[in-house]
Amino acid sequence: GQQVMQIPQYQHVQEGEDFTTYCNSSTTLSNIQWYKQRPGGHPVFLIQLVKSGEVKKQKRLTFQFGEAKKNSSLHITATQTTDVGTYFCAGPEWGTYKYIFGTGTRLKVLA
Amino acid sequence: GAGVSQTPSNKVTEKGKYVELRCDPISGHTALYWYRQSLGQGPEFLIYFQGTGAADDSGLPNDRFFAVRPEGSVSTLKIQRTERGDSAVYLCASSLRDRDNEQFFGPGTRLTVL
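Residues numbered from 1 in each chain as written. Chains lettered and ligands numbered in written order. Predicted model: local features only at pLDDT ≥ 70, side-chain atom pairs only at ≥ 80, totals over all residues. Heavy atoms only, no water.

Student: Describe unusual backbone geometry, and please don't skip the residues or the numbers.
Tutor: Note that the residue after A:Ile7, namely A:Pro8, is joined by a cis bond; omega there is -5°. Examined against the element boundaries, A:Pro8 turns out to sit in the loop between β1 (4–7) and β2 (10–14). The peptide bond linking B:Thr7 to B:Pro8 adopts the cis configuration, its omega dihedral lying at -10°. Position of B:Pro8 among the secondary structure elements: in the loop between β1 (5–7) and β2 (10–13). (Helix = DSSP H or I, 4+ residues; strand = E, 2+ residues; numbered from the N terminus.)

So, in structure tokens, the structure goes:
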């Protein structure tokens with residue numbers, strides 16, 4: 001079945017440093033979604049990318065969908081302590097409604 | 001309501017017992033998902049409803065798991081003969097239309113099977 005891997009698994013950064021997490025799917029995705037989950041909380045939707053090569057920005061966050069629609073990345077510029085949490089990518093198996101979540105990247109920001 | 005709600009927030013049960021977990025989606029959302037999440041892992045898909053029907057139940061681990069959504073809003077996840085390995089946080093999410101819409105997650109039900 002489809003697998004979605006994320007790297008790195010953990011990342012510790014100093015406040016103000018940049019952060020990037022990468023998402024790789026074993027199969028082509030029709031779209032990819034990104035979620036943030038704070039410790040003890042539930043996933044919160046950040047963004048959805050649909051088109052090959054698409055780039056979207058939300059303030060300090062930049063999201064990219066690969067040309068082959070099999071990989072994606074999330075880049076945070078100048079991290080803040082409020083960015084702490086686990087970031088998940090998720091995409092549906094092609095032709096199904098079954099969303100596969102990535103393994104997640106846990107971000108810690110040191111003040 | 002303002003968001004997706006799930007009850008109970010915590011459920012402790014004994015091995016072999018039957019449990020029901022409830023999800024109230026955002027009003028008007030036709031799509032509803034159930035996931036389960038173990039510590040340190042991403043949500044694992046269980047089942048997807050579009051309206052009253054289960055459009056994809058391929059994630060249900062075995063026939064001890066069953067979910068219904070009789071009127072197209074509230075959904076109940078039912079687990080028979082619970083096992084210790086069923087312990088996890090069960091998350092419900094709803095979205096406005098189909099699979100390509102953002103999912104709004106509820107706070108989850110933490111199930112512990114002793």
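Student: How would you summarise the interface of chain A and chain B if you had to cite specific residues and measurements?
Tutor: Taken together, the contact pairs 18 residues of chain A with 20 residues of chain B. The interface formed by chain A and chain B includes 0 salt bridges. Counting across the interface, chain A meets chain B through 4 residue pairs in polar contact (both at pLDDT 80 or more). Going through the elements one at a time, β4 (32–37), β5 (44–49) and β10 (99–101) of chain A are the ones with two or more residues in the side of chain A that touches chain B. The element contributing the most residues to the side of chain A that touches chain B is β4(A), with 3 residues. Looking at the side of chain A that touches chain B residue by residue, the class counts come to 7 nonpolar, 9 polar and 2 charged. (Contact = heavy atoms within 4.5 Å. Salt bridge = Lys/Arg side-chain N within 4 Å of Asp/Glu carboxyl O. Polar contact = N/O pair within 3.5 Å; in protein donor to acceptor, adjacent residues only side chain to side chain. Nonpolar A, V, L, I, M, F, W, Y, C, P; charged D, E, K, R; others polar.)

Student: Can you tell me about the packing of aromatic side chains, naming the residues and giving the values?
Tutor: Residue and element names in this part refer to chain B. According to the stated counting rule, one finds 14 aromatic pairs over all chains in the structure shown. Taken together, a centroid distance of 5.9 Å and an interplanar angle of 20° make the contact between Tyr33 and Tyr35 stacked. Just as Tyr33 is buried, Tyr35 falls in that class too. Taken together, a centroid distance of 5.5 Å and an interplanar angle of 40° make the contact between Tyr35 and Phe105 tilted. (Phe/Tyr/Trp six-rings, centres within 6.5 Å; stacked < 30°, edge-to-face > 60°. Buried < 20%, exposed > 50% of the residue type's maximum accessible area, 1.4 Å probe, protein only.)

Student: Tell me about the state of the cysteines, residues and numbers included.
Tutor: The full count for this structure, using the stated rule, is 2 disulfides over all chains. At a sulfur-sulfur separation of 2.0 Å, the disulfide partner of A:Cys23 is A:Cys89. Taking the sign of the S-S torsion, 80° for the link of A:Cys23 and A:Cys89, the bridge is right-handed. Pair noted here: A:Cys23 is in strand β3 (residues 19–25) and A:Cys89 is in strand β9 (residues 85–92), with a separation of 66 residues, a long-range link. Note on accessibility: A:Cys23 and A:Cys89 belong to one class, buried. Across the disulfide from B:Cys23 sits B:Cys92; the S-S distance is 1.8 Å. With the S-S dihedral at roughly -65°, the linkage between B:Cys23 and B:Cys92 falls on the left-handed side. Taken together, the residues B:Cys23 in strand β3 (residues 19–24) and B:Cys92 in strand β9 (residues 88–95) connect sequence positions 69 residues apart. (Disulfide = S-S within 2.5 Å.)

Student: Hey, could you go over the sheet that holds strand β8 (residues 71–76) of chain A for me, with residue numbers and the actual values?
Tutor: What links the strands of a sheet is backbone hydrogen bonding, and the strands pair in either a parallel or an antiparallel sense. Residue and element names in this part refer to chain A. With respect to topology, 5 strands assemble into an open sheet ordered β1-β3-β8-β7-β6, the strand pairing being antiparallel. Either end of the sheet is taken by a strand with one partner, and the two such strands are β1 and β6 (55–58). This sheet shows a mean twist of 15° between the axes of neighbouring strands, independent of strand direction. Bridge count between strand β7 (residues 61–65) and β8: 5 bridges; the pairing is antiparallel. If you follow Phe65 over to β8, its bridge partner there is Ser72. (Pairing = 2+ DSSP bridges. Axes fitted to C-alpha atoms, helices over the stretch in contact; angles between N-to-C directions.)

Student: I'd like to hear about the sheet that holds β3(B), residue by residue, with values.
Tutor: All names here are of chain B. With antiparallel pairing, the 4 strands of this open sheet are ordered in space as β1-β3-β8-β7. The open sheet is flanked by β1 and β7 (65–68), the only strands paired with a single partner. Neighbour-to-neighbour, the strand axes of the sheet open up by a mean angle of 15°, direction not taken into account. With 3 bridges connecting them, β1 and β3 associate as antiparallel partners.

Student: Give a detailed account of the pairing of strand β11 (residues 109–113) of chain B, specifying residues and quantitative values.
Tutor: Working note: regular strand, side chains alternate between the two faces of the sheet. All names here are of chain B. Residues Thr109, Leu111 and Val113 line the buried face of β11, whereas the alternating positions Arg110 and Thr112 sit on a face that is not buried. As judged from the 4 bridges shared by β2 and β11, these two strands associate in the parallel manner. Paired with Val12 across the strands is Thr112, a residue of β11. In this structure, β9 lies alongside β11, joined through 3 bridges in antiparallel fashion. Opposite Val89, over in β11, you have Arg110 as the bridge partner.

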